[in-house]
Amino acid sequence: MTLKLNTRFADSFVTSEDMSAIMPEVEAAFKKLHDGTGEGSFFRGWLDLPANYDKAEFEAIKKAAEKIRGDSDILIVIGIGGSYLGARAVIEFIKSSNFNKRRNGAPEIYFAGNSISSSSLAQIVELCEGKDFSVNVISKSGETTEPAVAFRVFRELLEKKYGKEGAKERIYATTDKARGKLKELSDRNGYQTFVVPDDVGGRYSVLTAVGLLPIAAAGIDIDALMQGADDARKQYADPDIANNDCCKYAAMRNVMYRKGKKIELMVSYEPAYALMGEWFKQLFGESEGKCGKGLFPASAIFSTDLHSLGQYVQQGERHLFETVVFINEPLADIEIKTDPENADGLNFLAGKTVSFINRKALEATAIAHEDGGVPSILIELSREDEYSLGWLLYFFEKACAVSGYVLGINPFDQPGVEDYKKNMYALLGKPGHEDRREAIERRLR
């Protein structure tokens, strides 16, 4: 099995009676998701995407990625939220956070448009000096402030370096198929475009062109990624908790929530998983945080963060539980050798591998945390490869949707996100927001 749900460190907190009691709700939520009777049902395009994706566009993505790998030293990926987190998480998981230092024929990949930091933007601009570069701009509308500002800056740089005709060969726009500012600009200037599907929300979009173009440009096997997701889709087609780890996970986290656990700490013992933690936070935070409900998603890398957060987790307020993703087969392993002098006192580890020590750190920590009132749901992933990651991505997406319906909310909208955008448009003087601007400025006086 590519993914195994291990509940041994949570069984003292979530009983079999708890699971039996919540099972009808989970089955009802699963049915809502599949028959389209739940809120937000239009945005379920991701559900069968691994089997029903656009094969022609998929091949076009691979060809564009090959071109980028051949003519660019750098690829700038411009997007925010779901328009960049998935791609960056996959790249760093498969290739490591040191990807730009060991890219093996792929371009360096930098992510812009995910903040409004002038310092960060200027640094990426500087990195492009004297280099051939291309841009993948990702935005459904083309009007979101952060990526729109970054794209204007890099579009001007490309046109200055290559001219308008040359620049259009280096700009790839992933946007709406028919409308919006970015689509209009792309059609007018002849940029190659890829589609953000109407029925797939940003946080569920990693396996669409939104994520796949930069992932493929990094030299990652997107066929294997999609195959893993499709096999997970087949595996989790049964709503019975006893046969479906995805539903079981959704059930357990709702039981935890009802018993007073308000924070879910996503943990991994692999530093390469750090951006997957960020992707997880958006997926669950944006899906469930509404109507005064929802677990607060946080993330950490152990054992690193045990030396900073560990004290709080062990003995702080008892309002959290952990979901731990552990990779059973590392990309590489190192054996501890015997030191004749035993200068560091570590000869008791001689003959053991670093991955073995890492596993024992997991087990020791999970027992200590459970004893301290912090249960852990353990998700064991077989390998750190494209197939396994595709499986894991689908597992979390489906668990999130089922969990949201159990919680009693629409897991596919994000009305709260729009409030800050409207306020910012008003303060920046965007036409059509004059009344709001006047009200906000009174509050700021």
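Above this note sits the structure.
What comes next concerns the included structure. (Residues numbered from 1 in each chain as written. Predicted model: local features only at pLDDT ≥ 70, side-chain atom pairs only at ≥ 80, totals over all residues. Heavy atoms only, no water.)

What about the sheet that holds strand β8 (residues 296-301)?
Right, on to step 1. The mixed open sheet is built from five strands, whose spatial order is β1-β10-β9-β7-β8. Of all the strands in the sheet, the pair left with one neighbour each is β1 (3-6) and β8. When strand polarity is set aside, the average angle formed by the axes of neighbouring strands in this sheet is 20°.
Right, on to step 2. Of the pairings in the sheet, the one linking strand β7 (residues 263-268) to strand β9 (residues 320-329) comprises six bridges and is parallel in character. Among the inter-strand pairings, L265 is bridged to a residue of β9, identified as E322.
Right, on to step 3. Strands in contact with helix α10 (residues 245-258) are β1, β7, β9 and β10 (376-383); relative to β1, the strand with the most contacts, it is inclined by about 30°.
Right, on to step 4. Across the sheet, helix α14 (residues 386-407) is in contact with β1, β7, β9 and β10; its angle to β10 comes to roughly 150°. (Pairing = 2+ DSSP bridges. Helix = DSSP H or I, 4+ residues; strand = E, 2+ residues; numbered from the N terminus. Axes fitted to C-alpha atoms, helices over the stretch in contact; angles between N-to-C directions. Contact = heavy atoms within 4.5 Å.)

Digging into the side chain of R359
Right, on to step 1. Mapped onto the fold, R359 is located in helix α13 (residues 354-371).
Right, on to step 2. At a separation of 3.2 Å, a polar atom in the side chain of R359 contacts the side chain of N328.
Right, on to step 3. R359 has contacts with F326, N328, L378 and E380, leaving out every residue within four places of it along the chain. (Polar contact = N/O pair within 3.5 Å; in protein donor to acceptor, adjacent residues only side chain to side chain.)

Quick word on the packing of helix α3 (residues 55-71) against helix α9 (residues 222-235)
Right, on to step 1. Between α3 and α9, the shortest axis-to-axis distance is 11 Å and the interhelical angle comes to 145°. Contacts between α3 and α9 pair F58, I61 and K62 from the former with I222, D223 and M226 from the latter.
Right, on to step 2. A per-class count over the contact of α3 with α9 returns four nonpolar, no polar and two charged. (Nonpolar A, V, L, I, M, F, W, Y, C, P; charged D, E, K, R; others polar.)

Structural notes on the nonpolar core
Right, on to step 1. Core analysis: the largest hydrophobic core is formed by 98 residues, its most contacted members being L392 and F396.
Right, on to step 2. Excluding residues that lie within four positions of it along the chain, F396 makes contacts with Y249, M266, Y273, W279, F280, L283, F284, V325 and I379.
Right, on to step 3. One finds L121, I124, A167 and L182 within the second-largest nonpolar core, a separate group that totals 21 residues. (Core = buried A, V, L, I, M, F, W, Y, C linked by side-chain atoms within 4.5 Å. Buried < 20%, exposed > 50% of the residue type's maximum accessible area, 1.4 Å probe, protein only.)

A word on helix α11 (residues 274-288)
Right, on to step 1. An ideal rise of 1.5 Å per residue puts 21 Å on 15 residues; α11 measures up with 21 Å between its terminal C-alpha atoms.
Right, on to step 2. Three or more residues of α11 are buried, namely L275, M276, G277, W279, F280, Q282, L283, F284, S287 and E288.
Right, on to step 3. Residues of α11 that are buried in the fold lie against α4 (85-95), α10, β7, β8 and α14. (Expected span 1.5 Å × (residues − 1).)

Some words on the sheet that holds strand β3 (residues 108-112)
Right, on to step 1. One open sheet accounts for five strands, arranged β3-β2-β4-β5-β6; its pairing is parallel. Every interior strand has two partners, whereas the edge strands, β3 and β6 (192-195), have only one. The mean inter-strand angle of the sheet, taken between neighbouring strand axes irrespective of direction, is 20°.
Right, on to step 2. Pairing of strand β4 (residues 133-138) with strand β5 (residues 171-175) involves four bridges; the strand directions are parallel.

A word on unusual backbone geometry
Among all residues except glycine, the phi angle is most often negative; among peptide bonds, the trans geometry is most common.
Right, on to step 1. A cis amide bond links F302 with the next residue in sequence, S303, at an omega value of 5°.
Right, on to step 2. Backbone geometry at S96 places phi at a positive 85°, although glycine is not the residue there.
Right, on to step 3. Along the chain, S96 falls in the loop between α4 and β3.
Right, on to step 4. If you check the backbone angles, C291 has positive phi at about 60° while not being a glycine.
Right, on to step 5. Note on placement: C291 falls in the loop between α11 and β8.

Regarding the packing of helix α1 (residues 16-35) against α14
Right, on to step 1. Where α1 contacts α14, the two axes come as close as 8 Å, and the packing angle between them is 115°. When you trace α1 past α14, the crossing you get is right-handed. Across the interface between the two elements, I22, E25, V26, A29, F30, K32, L33 and H34 of α1 pack against K398, A401, V402, Y405 and V406 of α14.
Right, on to step 2. Here the residues of the contact of α1 with α14 sort into nine nonpolar, one polar and three charged. (Left-handed = near helix turned anticlockwise from the far one by under 90°.)

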